[in-house]
Amino acid sequence: MKTVLPILLLVLLPLSLSAQDKRDLPGLNLYIVGGPSFYPEDVDAAVGEGLGIRIGAGMQFTERFGVEWLLDITPNIETYLISEILDELIGDTYKLETTGHIYSSLFATTNISLTKGIDFVAKLGYSSHVYEVIYEFQEEQSTTLARHRYREKENTPVAALGFQFPIRRERESTLEISITRFLKENVNATALNISLKQVF
């Protein structure tokens, strides 16, 4: 899995440097991106339903090819949805807290112009994922509460498909609507992203 991104870069870079795409872009084409993400509830992936946050930055090397780093924070899952699982493992739970998943992802990106104002956007990359559950419970033959923190850290391939629309004629500000999917089975959250991208 760790070779996914280097292989992708080797494949996409030559394609992006086709004859019609070799003209230079002005400046460094650095940009920042941010906006809300909408997640359906997924008990297996411990992702709650609702609003998440996406922020990041990227660089466009050619009109078609770039790289992008994104930080996605999911909504917390309702604790009652996982309390039964913990009860089976550790007994009666007195207090349970969860954090949203945090996905830090590095993407290779490619844009394909569909019309003068609309681009199709595809991204493929690799993500580091962190998730925590904090719980308190009473151990057997004890009157005190034990507090434990469960921290899960994994890596997963990730893919996104969407469309990009210019907000201004100069295309320095664009709006991207995309679907992102984290592909590893136990962290396979799906999100609808609405992101504002600002080139500077």
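Before any of the text, the structure's been laid out above.
Below you will find a few notes about this structure. Just so it is clear, the model here is predicted, and its values are computed rather than measured. (Residues numbered from 1 in each chain as written. Predicted model: local features only at pLDDT ≥ 70, side-chain atom pairs only at ≥ 80, totals over all residues. Heavy atoms only, no water.)

**Quick look at the overall build of the protein chain**
Secondary structure assignment for the protein chain yields two helices and nine strands. By residue count, 42% of the 200 residues in the protein chain fall in the buried class. In the protein chain, once contacts between residues fewer than 6 apart in sequence are set aside, the share between residues at least 24 apart is 62%. Accessible area of the protein chain: about 11500 Å², with a carbon and sulfur share of 60%. (Helix = DSSP H or I, 4+ residues; strand = E, 2+ residues; numbered from the N terminus. Buried < 20%, exposed > 50% of the residue type's maximum accessible area, 1.4 Å probe, protein only. Contact = heavy atoms within 4.5 Å. Areas by Shrake-Rupley, 256 points an atom, 1.4 Å probe, with all protein chains shown as cover.)

**Focus on the side chain of S173**
When you line up the elements, S173 lands in strand β8 (residues 173–182). A relative accessible area of 4% places S173 in the buried class. Of note is the side chain of S173, whose polar atom sits 2.4 Å from the side chain of Q198. (Polar contact = N/O pair within 3.5 Å; in protein donor to acceptor, adjacent residues only side chain to side chain.)

**Thoughts on a nonpolar patch on the surface**
Together, F38, L51, I112, L114, F163, F165, I177, I179 and L192 make up an exposed nonpolar region whose accessible area comes to about 770 Å². If you list the elements that add at least two residues to the nonpolar patch, you get β7 (145–166) and β8. Its place among the elements puts L192 in strand β9 (residues 190–199). (Patch = residues over 30% accessible without salt bridge, like charges linked within 9 Å, V, L, I, M, F, W, Y side chains within 5 Å. Salt bridge = Lys/Arg side-chain N within 4 Å of Asp/Glu carboxyl O.)

**Topic: the nonpolar core**
Counting residues in hydrophobic clusters, the biggest one holds twelve residues: V33, Y39, A45, V47, L70, Y103, F107, V158, F182, V187, A189 and A191. Contributions of two or more residues to this core are made by β1 (30–39) and β5 (102–113). Counting residues in each nonpolar core, the second largest holds six residues, with L96, Y131, V133 and Y135 among its members. (Core = buried A, V, L, I, M, F, W, Y, C linked by side-chain atoms within 4.5 Å.)

**Some thoughts on the packing of aromatic side chains**
Across all of its chains, the model carries three aromatic pairs by this definition. Between Y103 and F182 the ring centres are 3.7 Å apart and the planes differ by 15°, which places this aromatic pair in the stacked class. With a gap of 79 residues between them, Y103 in strand β5 and F182 in strand β8 connect regions that are remote in the sequence. Centre to centre, the rings of F120 and F163 are 5.9 Å apart; their planes meet at 65°, and the pair counts as edge-to-face. (Phe/Tyr/Trp six-rings, centres within 6.5 Å; stacked < 30°, edge-to-face > 60°.)

**Looking at the environment of T98**
Here T98 lies in strand β4 (residues 93–98). Sequence spacing of T98 and Y150 is 52 residues, and the spatial spacing of their C-alpha atoms is 9.6 Å. One polar contact links the side chain of T98 to the main-chain carbonyl oxygen of I77, over a distance of 3.3 Å.

**As for the environment of L106**
Locating L106 in the fold gives a position in strand β5. Among the residues examined, L106 registers a relative accessible area of 40% and is labelled partly exposed. As for L106 and V67, which are separated by 39 residues in sequence, their C-alpha atoms are 7.3 Å apart.

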